[in-house]
Amino acid sequence: MKSKILIILALFSLALSGCSLFPPNEQKSSISAQINQALNAGAAIKEIANPNLKIPADINAGQIAKYFQIGNVLFALVLRNSMNVVLSTPSGFTPSFAGILIAKQGDKQWIKLTEIKDSKVTDKNNPYYLLVDNKKLLLTVVDQNGAGSGEGMMKVFAWSAANDWQLAGCYYFGSSFSDQSTDGDYFAWSTKFSEQEARPIEACDNVRLISVANSLSQ
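These figures come from a predicted structure and were not determined experimentally.

Attention now moves to the sheet that holds strand β11 (residues 207-211). The six strands lie next to each other as β1-β2-β3-β4-β5-β11, forming an open sheet whose pairing is antiparallel. The open sheet terminates on both sides in strands that have one partner only, identified here as β1 (45-48) and β11. Strand-to-strand twist of the sheet, defined as the mean angle between neighbouring strand axes without regard to direction, takes the value 25°. Pairing of β1 with strand β2 (residues 64-70) involves four bridges; the strand directions are antiparallel.

Turning next to the pairing of strand β6 (residues 126-133). Looking down a regular strand, the side chains alternate between one sheet face and the other. Most of β6 sits inside the fold, with six of its eight residues counted as buried. Inspection of the sheet shows β6 paired to strand β7 (residues 136-142) by seven bridges, in the antiparallel sense. For P127, the partnering residue across the bridge sits in β7 and is V141. Linkage of β6 to β7, two consecutive antiparallel strands, is achieved through a turn of two residues, within which N134 is found at a positive phi near 55°.

This brings us to the pattern of salt bridges. Evaluated as defined, the whole model comprises eight salt bridges. A salt bridge links D118 to R80, with the nearest nitrogen and oxygen atoms 3.0 Å apart. A residue pair is termed long-range when its members are at least 10 positions apart, and D118 in strand β5 (residues 111-118) and R80 in the loop between β3 (73-78) and β4 (99-104) qualify at 38 residues. Given the relative accessible area of 15%, R80 is considered buried. Members of the salt-bridge network, linked through shared partners, are E47, K66 and D185.

Within soluble globular proteins, side chains that are nonpolar generally end up buried alongside one another. The biggest cluster of nonpolar side chains holds 41 residues, and the ones touching the most others in it are F75, I100, L130, L137, L139 and W165. Apart from residues no more than four positions distant in its own chain, L130 is found in contact with I45, F68, F75, L77, L137, L138, L139 and W165. Membership of the second largest hydrophobic core comes to 11 residues, among which are I64, Y67, V78 and W110.

Time to look at the side chain of D123. One can find D123 in the loop between β5 and β6. Of note is the side chain of D123, whose polar atom sits 2.9 Å from the backbone nitrogen of K120. Setting aside its immediate chain neighbours within four residues, D123 contacts D118, D143, Q144, N145 and N206.

Spatially, β6-β7-β8-β9-β10 is the arrangement adopted by the five strands of the open sheet, whose pairing is antiparallel. Bordering the open sheet on either side are β6 and β10 (197-198), each of which pairs with just one other strand.

Before going further, it helps to examine the state of the cysteines. Overall, the coordinates contain one disulfide when judged by the stated rule. In this model C170 forms its disulfide with C204; the gap between the sulfur atoms is 2.0 Å. When the S-S torsion is 75°, as for the bridge of C170 with C204, the disulfide is right-handed. Within this pair, whereas C170 is found in strand β9 (residues 165-173), its partner C204 is found in the loop between β10 and β11, the two being separated by 34 residues in sequence. For the residue pair C170 and C204, the accessibility class agrees, reading buried in each case.

This part covers the confidence of the model for the protein. Overall, the prediction assigns the protein a mean pLDDT of 87, with 86% of residues at 70 or greater. Below a pLDDT of 50 lies the segment residues 5-22, which in the model reaches eight contacts outside its immediate sequence neighbourhood of four places, other chains included. Under a pLDDT of 50 for its full length, residues 214-218 has, in the predicted model, 13 contacts with residues more than four places off or in other chains.

Procedures and definitions
- Residues numbered from 1 in each chain as written.
- Predicted model: local features only at pLDDT ≥ 70, side-chain atom pairs only at ≥ 80, totals over all residues.
- Heavy atoms only, no water.
- Pairing = 2+ DSSP bridges.
- Helix = DSSP H or I, 4+ residues; strand = E, 2+ residues; numbered from the N terminus.
- Axes fitted to C-alpha atoms, helices over the stretch in contact; angles between N-to-C directions.
- Buried < 20%, exposed > 50% of the residue type's maximum accessible area, 1.4 Å probe, protein only.
- Salt bridge = Lys/Arg side-chain N within 4 Å of Asp/Glu carboxyl O.
- Core = buried A, V, L, I, M, F, W, Y, C linked by side-chain atoms within 4.5 Å.
- Contact = heavy atoms within 4.5 Å.
- Polar contact = N/O pair within 3.5 Å; in protein donor to acceptor, adjacent residues only side chain to side chain.
- Disulfide = S-S within 2.5 Å.
- pLDDT = per-residue confidence, 0-100.

Shown next, in the form of structure tokens:
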């Protein structure tokens, strides 16, 4: 009887704290399935305001510049400081993670979906924007290997049915940075593929997108 009471109290404590009762891998799998369902149904993606969910301990709120929603799924793009990206983070804080967080509407906290790993520490690849094109979820990622002033090599990754990201395009980002359609949004300008200089896919091999399933405490 005592053990049953302890189990009930533990579950109640988890519910109060907003923690998922599912292991991170199962939670991520469930959300990934919802992403695919939304895409197959022809859902659009939209940029949203900060939903104010709890973030993993190794991420600072100042690293997140963009939030998105498709169907019932929320996304947050986590950046690092680079020559092209200046973040408002506490003095002495060194970002250790760049990538994508996900959650479902109604969740209390984010979990990590994807980590962006550079080939060299100087690459500083950052996630810029999410869009949907022809029922495909696309992610733009830009490094700092350009001529300065915001320029860099831009990768376009497509979300696959296998729940990972596949490199689908390569561009030089930086001929210009905005027009009326993006309202001066530097990050949104990365979705204007026709305005970027196309490069061979091999020119964008300095980054990997790694699937992760870390819980909030990790």
